[in-house]
Amino acid sequence: MLRQGDVTEDVPTDGMLLTVIGCSGSYPGPDSPASCYLVQARSPEEPDRTWSLVLDMGNGALGLLQRYVDPLAVDAVLLSHLHADHCVDMTSYYVLRKYHPTGCQPRIPVYGPKGTARRLARAYDLPRKPGMREEFIFRTYGRTFTVGPFTVESFEVDHPVPAYGMRISANGKVLAYSGDTGPVPALHDLATDADLFLCEASFRHGDDNPPSLHLTGVEAGEYAAKAHAARLVVTHIPPWHDGDAIYAEAEAVFPGPCDRAATGAVYRI
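Here we summarise the structure given alongside this text.

Cut-off values and rules
Residues numbered from 1 in each chain as written. Predicted model: local features only at pLDDT ≥ 70, side-chain atom pairs only at ≥ 80, totals over all residues. Heavy atoms only, no water. Helix = DSSP H or I, 4+ residues; strand = E, 2+ residues; numbered from the N terminus. Rg over C-alpha atoms; globule rule 2.2 N^0.38 Å. Buried < 20%, exposed > 50% of the residue type's maximum accessible area, 1.4 Å probe, protein only. Contact = heavy atoms within 4.5 Å. Pairing = 2+ DSSP bridges. Right-handed = clockwise from strand over helix to strand, strands pointing away. Salt bridge = Lys/Arg side-chain N within 4 Å of Asp/Glu carboxyl O. Axes fitted to C-alpha atoms, helices over the stretch in contact; angles between N-to-C directions. Parallel < 35°, antiparallel > 145°, perpendicular 65-115°, else oblique. Left-handed = near helix turned anticlockwise from the far one by under 90°. Polar contact = N/O pair within 3.5 Å; in protein donor to acceptor, adjacent residues only side chain to side chain.

## Quick look at the overall build of the chain
The number of helices and strands found in the chain is seven helices and 14 strands. Its C-alpha radius of gyration of 17 Å places the chain within 12% of the 18 Å reference for a compact globule of 269 residues. Seen through its principal axes, the chain has C-alpha atoms that stretch 50 × 40 × 35 Å. Among the 269 residues that make up the chain, the fraction classed as buried is 57%. Taking the intrachain contacts of the chain between residues at least 6 apart in sequence as the baseline, contacts between residues at least 24 apart amount to 64%.

Structure below.
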């Protein structure tokens, strides 16, 4: 099993590696956990060191994550927002780090909206203090920050709770992640000239969709096209929809390479 600092063969020093852990929208589906993505990179200065970020930790994600990385090797977790399908498996991750047979593990940073520490403590029925603060260092979005070779810029997006998209750069490459959002100008900013745009598409075009919640496949494709993203990966499609149909909406309006996210899919960025 890989441990922190071990190098996996495919992790580049000239870009990033994105592995889709969970891509089911709103709740786990028969083929995928809820939202979770593993982003890895090395830097030319430390070619023998693999850095690993986890974007979101939704229902069922921690189990599958272990196929691709030792959970003790994760350097930071970035939570786009505090709905259960994006954060609830942090309760299991807390248990893993606190009670591991090798001992309580060093704290790692967890980035999220204001109130993340309180929300996760409540989810596991812990007292507010210390909550999970002995296992994680909680930090809120607002400023650009770095983790190893990664530079992360957050963008507030449009959702019923405070929510953020992210622009992640490493080794001259850019991964953009929409998080959950309705149409909002910030999507253009975070995705501009991205090498890969990982964008949610939870709604079908033509339905009477509620505002300020999610995107259609058409909207995901349009944002990617206007931002001149090099590749679009459509994700967060709920199991109650025909995922191929929503993917087809995006593919029809995006002129570049377009994929539908699938558990275990790996992208070299």
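Still to come is the rest of the account.
## So, the pairing of strand β10 (residues 173-177)
Within β10, four of the five residues are buried, which leaves it mostly tucked inside the rest of the structure. Alignment of strand β9 (residues 164-170) against β10, held across five bridges, turns out to be antiparallel. Paired with Ala170 across the strands is Lys173, a residue of β10. Turn length for the β9-β10 hairpin, with the two strands adjacent in sequence and antiparallel, is two residues, and the turn residue Asn171 shows positive phi of about 55°. Pairing between β10 and strand β11 (residues 196-200): three bridges, direction parallel. From the neighbouring strand, Leu175 faces β11, where its bridge partner is Leu196. Handedness of the crossover joining β10 and β11 through helix α5 (residues 186-191): right-handed.

## Considering helix α3 (residues 90-99)
Met90, Thr91, Tyr93, Tyr94, Leu96 and Arg97 are the residues of α3 that are buried. Looking at the buried positions of α3, the neighbouring elements they touch are α1 (61-65), β4 (76-78), α2 (84-87), β5 (108-112), α4 (116-123) and β6 (136-140).

## Things to note about the pattern of salt bridges
Counted under the stated rule, the structure contains seven salt bridges. We note a salt bridge from Lys98 to Glu134, for which the minimum N-O separation is 3.9 Å. Here the residue Lys98 occupies a position in helix α3, and Glu134 occupies one in the loop between α4 and β6, the gap between them amounting to 36 residues. In this structure Lys98 comes out as partly exposed when scored by relative accessible area, which is 23%. Lys98 is the salt-bridge partner of Glu135, the closest N and O atoms lying 3.2 Å from each other. With Glu135 in the loop between α4 and β6 and Lys98 in helix α3, this residue pair connects regions lying 37 residues apart in the sequence. With a relative accessible area of 2%, Glu135 lands in the buried category. Connected through salt bridges with shared partners, the residues Lys98, Glu134 and Glu135 form a single ionic network.

## Here's the deal with the packing of helix α6 (residues 217-226) against helix α7 (residues 243-253)
Running from N to C, α6 and α7 point in directions that differ by 30°, and their axes come no closer than 7 Å. Taken as axis vectors, α6 and α7 run roughly parallel relative to one another. Of the two possible hands of crossing, α6 and α7 adopt the one that is right-handed. When α6 is examined against α7, the residues Gly217, Val218, Gly221, Glu222 and Ala225 are found in contact with a partner set consisting of Ile246, Glu249, Ala250 and Val253.

## Quick word on the side chain of Thr116
Its place among the elements puts Thr116 in helix α4. Side-chain polar atoms of Thr116 contact the backbone oxygen of Pro113, separated by 2.6 Å. In this structure, Thr116 is in contact with Leu79, Leu82, Val110 and Phe138, ignoring residues within four places of it in sequence.

## Details of the sheet that holds strand β14 (residues 266-268)
Spatially, seven strands are ordered β6-β5-β4-β3-β2-β1-β14 in an open sheet, and the strand pairing comes out mixed. Bordering the open sheet on either side are β6 and β14, each of which pairs with just one other strand. Geometrically, the sheet is characterised by an average inter-axis angle of 20° between neighbouring strands, direction not taken into account. Here strand β2 (residues 36-43) runs beside strand β3 (residues 46-55); their pairing, made up of six bridges, is antiparallel.

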